[in-house]
Amino acid sequence: MSPVPFRFLPRTLPVSLRVSVCRSMAAGRLESEPQRELFVKTIGIEFHNRRMWNWKDVDQALAFMKRFEMNALVFHQTDMMDFITLPEKYFSEDLLWERWPVRYIDVQVKRAFLQEVTRRCKAQGVAFYPEFKEIWYPEGLLEVYPELKNKDGQICPTNPFWFEFVAEKMDELVRYYPDVAGAIVSPATRESKVSISKMTCDCERCRSTDPNKWYEDFIRAVYKPLEACGKTLVIRDFSYSKDHQNAVIEASMAVSKDIVIGLKNVPHDFWPTFPDNPKLGQTQGLAQWAEFDVWGQYYGQGAFPASLVEDFQNRIRHCRSKGVTGAWFRTDIEWLDESNNMNSFNTLNLIGAAMLSSNPDRDLDEVYDAWLEWGLYSGFTASSETGEPVRPSAPDARERLQAFMRAGSKVMEKALYVRGHVYNYSSQFGQSLSAIYNVMQVWHQREQWDPGSAKHLEPTPENLAVIYAEKREAVEQAEKLKDILDPGTLGLPDAFLVEIEAMLELYVWYARGYELSAHAYFAAQRALQTGERSDAVTALANADALDAFQGELASHLETTVYPHYVYWLTSPTRLHQLAEDVRSKVNSTSEIA
């Protein structure tokens, strides 16, 4: 059945009814036809790095989605709208040829690519959503409209121009990409160029603007062009604080009850040790979709594999209990190419997410069986060089791989986190006292979501004993991974086996780096707090031990050839910087000098 264009339906019908008819017929069925009972109606894969512009990866994703009954594809790029729209109202063809011809051609090329992606998605019954952060703009805009800066050179987020600007971009989106299902938009993030949450302008208008009203005006500007074409707007919460989280939801409700709220399964970002997002089920009646990271941004990033499916089962059950009707799963990160779910053991997590979305109560053995049926990828081969997945031939392969992935999860939880608090920067070692502190207790603090938890980080002797024991346990568990997996008897190709053995060896180094880092960081915090010479001596000794270790790690890595992201994760330089910072800070205190 061919879908009926929204504009051809009688205008006398309510918008909500026209949208419902369009969506039903676009799916090839009427609402009265029987539907398969699903926990969620939308199950999506998200691309977040540049592989979204690569046909190999797009085709692979569509094949995967067909196999695991997923029905949405999300391209997430922070400045996506600058890649695929101009907008023409502000950048005429003549102006672009005169000033920015390369950008003009680039948008044309991206347009052709994305139009074909959306056509193929539609043919497969897959809804396509661009995802982006706003407000964003091309640099040339400030040259064309210099008045957008205030007298101090700051961008004023309350200038009414910005709402007109985003509306024009959305209008251009639906005109040139009519097959998109809608858009996923983040308005409450410091990562966008213009947002009321950044508070970079101190003009009277900004000082007197209610953030709730700003979000409402922004969301209305984005929503209207989509609503006119029967498209879905998903407002993605990416708030750093409870206040901004509440403002976005309230503003969405004020604009339309048809808006969908996209919520991460945990508050703010993807930390498996954090509590469930408290806003799940608290969206004032608006539909909810939940967002998950299946790649492991804060969990080893696939280079060091770890299962998330056990956690997902509980999280998805919780989402079901809170009325969530959609979910999408991020498979990579914007600033790191060549690493994703399709070149590591963490393919397991994507398969588990897809299967559990349709039935969160299924036996997890089924998930692990489906993973082995799909096949394994090595995280030590770059994505662009990854070939077909391999399948182990050992009869007990599933049991061993299942035990390995679960054990890897225990290592991640105890190495990269401190008593549930974030002790990593996207799975990297922290490089300074302030960097670690800010990640753990400011930008990514657990305290506001789990009141009272910060006391577990205070550098008391009792807390330090628990923290150090946690890190020791991570190393000991990492040392057991090779015996758990016993890769040499799994029945793997020789070249693949070499990479798995290299990963297992480096896994121990990785855990050990976090152990020594924690000793250096927390001993320094205690020395700086107490001013006692004995604590300073301990902190300096721990810094020396960390520095000695990073030298050994550097020597070990010197003779290896791995994808760049492996070195990025295990950087000895960052450990050296931390050791130097501990020495500098501890030695500079007057009580110790």
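Residues numbered from 1 in each chain as written. Predicted model: local features only at pLDDT ≥ 70, side-chain atom pairs only at ≥ 80, totals over all residues. Heavy atoms only, no water.

### A word on the overall build of the protein
Along its length, the protein carries 20 helices and 10 strands. At 25 Å, the protein has a C-alpha radius of gyration in line with the 25 Å of a compact globule built from 593 residues. Counting the 593 residues in the protein, one finds 58% classified as buried. Each charge sign in the protein was given a centre, from 64 positive and 82 negative side chains, and these centres are 5 Å apart. (Helix = DSSP H or I, 4+ residues; strand = E, 2+ residues; numbered from the N terminus. Rg over C-alpha atoms; globule rule 2.2 N^0.38 Å. Buried < 20%, exposed > 50% of the residue type's maximum accessible area, 1.4 Å probe, protein only. Lys, Arg positive; Asp, Glu negative; His and termini not counted. Charge placed at Lys NZ, Arg CZ, Asp CG, Glu CD.)

### Quick notes on the sheet that holds strand β3 (residues 127-133)
Overall, parallel pairing links the 8 strands, which are arranged β1-β2-β3-β4-β5-β6-β7-β8 in a closed barrel. With direction set aside, neighbouring strand axes in the sheet form an average angle of 25°. In terms of strand pairing, strand β5 (residues 232-236) meets strand β6 (residues 260-264) through 3 bridges, oriented parallel. Pairing of R236 across the sheet is with G262, part of β6. Where helix α2 (residues 55-67) meets the sheet, it contacts β1 (42-47) and β2 (72-76), and its direction lies at approximately 160° from that of β1. (Pairing = 2+ DSSP bridges. Axes fitted to C-alpha atoms, helices over the stretch in contact; angles between N-to-C directions. Contact = heavy atoms within 4.5 Å.)

### Description of the environment of Q301
Considering the arrangement of structural elements, one finds Q301 in the loop between β7 (287-293) and α11 (309-321). Remark: the alpha-carbon pair of Q301 and K482, spanning 181 residues in sequence, is separated by 19 Å. When residues no more than four places from it in sequence are discounted, the contact partners of Q301 are W295, G296, W335, L336, S339, N346, S426, S427, W568 and L569. Within the structure, Q301 has its side chain in polar contact with the backbone oxygen of Q297 (distance 3.3 Å). (Polar contact = N/O pair within 3.5 Å; in protein donor to acceptor, adjacent residues only side chain to side chain.)

### Focus: the pattern of salt bridges
Under the criterion given, the structure shown has 48 salt bridges. A salt bridge links E373 to R67; the nearest nitrogen and oxygen atoms lie 3.6 Å apart. Taken together, the positions of E373 in helix α13 (residues 364-374) and R67 in helix α2 put the pair 306 residues apart, joining distant regions of the chain. R67 sits in the partly exposed class, given a relative accessible area of 38%. Each of D59, E116, R119 and R120 takes part in one network of salt bridges that share partners. (Salt bridge = Lys/Arg side-chain N within 4 Å of Asp/Glu carboxyl O.)

### Observations concerning the environment of F68
For F68, the location among the structural elements is in the loop between α2 and β2. Sequence separation between F68 and A354 is 286 residues, and the spatial gap between their C-alpha atoms is 6.3 Å. Once residues within four sequence positions are removed from consideration, F68 is found in contact with I351, A354, M355, A370 and W374.

### Considering the packing of aromatic side chains
Applying the stated criterion to the full structure yields 45 aromatic pairs. Plain terms: the ring middles of W214 and F218 are 5.7 Å apart, the flat faces sit at 5° to each other, and that makes the pair stacked. Remark: F218 and W214 occur in helix α9 (residues 211-228); sequence separation between them is 4 residues, near one turn of the helix. For the pair F380 and Y562, a centre-to-centre distance of 4.9 Å together with 65° between the ring planes defines the contact as edge-to-face. Of this pair, F380 sits in the loop between α13 and α14 (397-415) while Y562 is found in the loop between α18 (533-558) and α19 (564-569), placing the two residues 182 residues apart along the sequence. Under the relative-accessibility criterion, F380 is labelled buried at 5%. Relative accessible area serves as the criterion here: at 17%, Y562 is assigned to the buried category. Aromatic ring contacts, followed pair by pair, group F304, Y423, F429, Y507, Y510, Y514, Y521 and F522 into a single cluster. Seen from the ring of Y137, K193 lies directly overhead, with NZ or CZ sitting 4.5 Å from the centre. (Phe/Tyr/Trp six-rings, centres within 6.5 Å; stacked < 30°, edge-to-face > 60°. Lys NZ or Arg CZ within 6 Å of the ring centre and 35° of its normal.)

### As for the packing of helix α17 (residues 494-530) against α18
For the pair α17 and α18, interaxial distance at closest approach is 8 Å and the crossing angle is 160°. The pairing of α17 with α18 is recorded here as roughly antiparallel in orientation. Like other packed secondary-structure pairs, α17 and α18 cross with a definite hand, here left-handed. Considering only residue class, the contact of α17 with α18 consists of 15 nonpolar, 7 polar and 5 charged. (Parallel < 35°, antiparallel > 145°, perpendicular 65-115°, else oblique. Left-handed = near helix turned anticlockwise from the far one by under 90°. Nonpolar A, V, L, I, M, F, W, Y, C, P; charged D, E, K, R; others polar.)

### Let's talk about the packing of helix α7 (residues 161-176) against α9
Look at α7 against α9: their axes get within 7 Å of each other, and the N-to-C directions meet at 25°. It follows from the interaxial angle that α7 and α9 lie roughly parallel. Judged by the twist between their axes, the crossing of α7 over α9 is right-handed. Within the contact between the two elements, α7 uses F163, V166, A167, M170, D171, L173 and V174 and α9 uses W214, D217, F218, A221, V222, P225 and L226. Taken together, the residues of the contact of α7 with α9 sort by class into 12 nonpolar, no polar and 2 charged.

### Side note on the nonpolar core
One finds M70, F75, W162, F345, W371 and F522 to be the most contacted residues of the largest nonpolar core, which totals 179 residues. Among the elements that make up this core, the one with the highest residue count is α17 (19 residues). Listed in part, the 8 residues of the second largest apolar core include V74, V234, V260 and W328. (Core = buried A, V, L, I, M, F, W, Y, C linked by side-chain atoms within 4.5 Å.)

### Topic: the confidence of the model for the protein
Averaged over the protein, the pLDDT score is 92; the fraction of residues at 70 or greater is 91%. Long-range and interchain partners of residues 1-38, a stretch whose pLDDT sits below 50, account for 39 contacts in this model, where long-range means more than four residues apart. (pLDDT = per-residue confidence, 0-100.)

### Details of unusual backbone geometry
It is generally the case that most residues other than glycine have a negative phi and that most peptide bonds are trans. Between L86 and the following residue, P87, the backbone shows a cis peptide bond with an omega angle of -20°. Along the chain, the position of P87 falls in the loop between α3 (80-84) and α4 (93-99). The amide bond that connects E134 to the next residue, I135, takes the cis arrangement and shows omega of 20°. Note on placement: I135 falls in the loop between β3 and α6 (140-144). Notably, E338 is not glycine yet its phi reads approximately 75°, a positive angle. In this fold, E338 is placed in the loop between β8 (326-330) and α12 (347-358). Its identity is not glycine, yet D486 carries a phi of approximately 45°, on the positive side. Within the secondary structure, D486 is located in the loop between α16 (461-485) and α17. For D486, a relative accessible area of 35% gives the class partly exposed.

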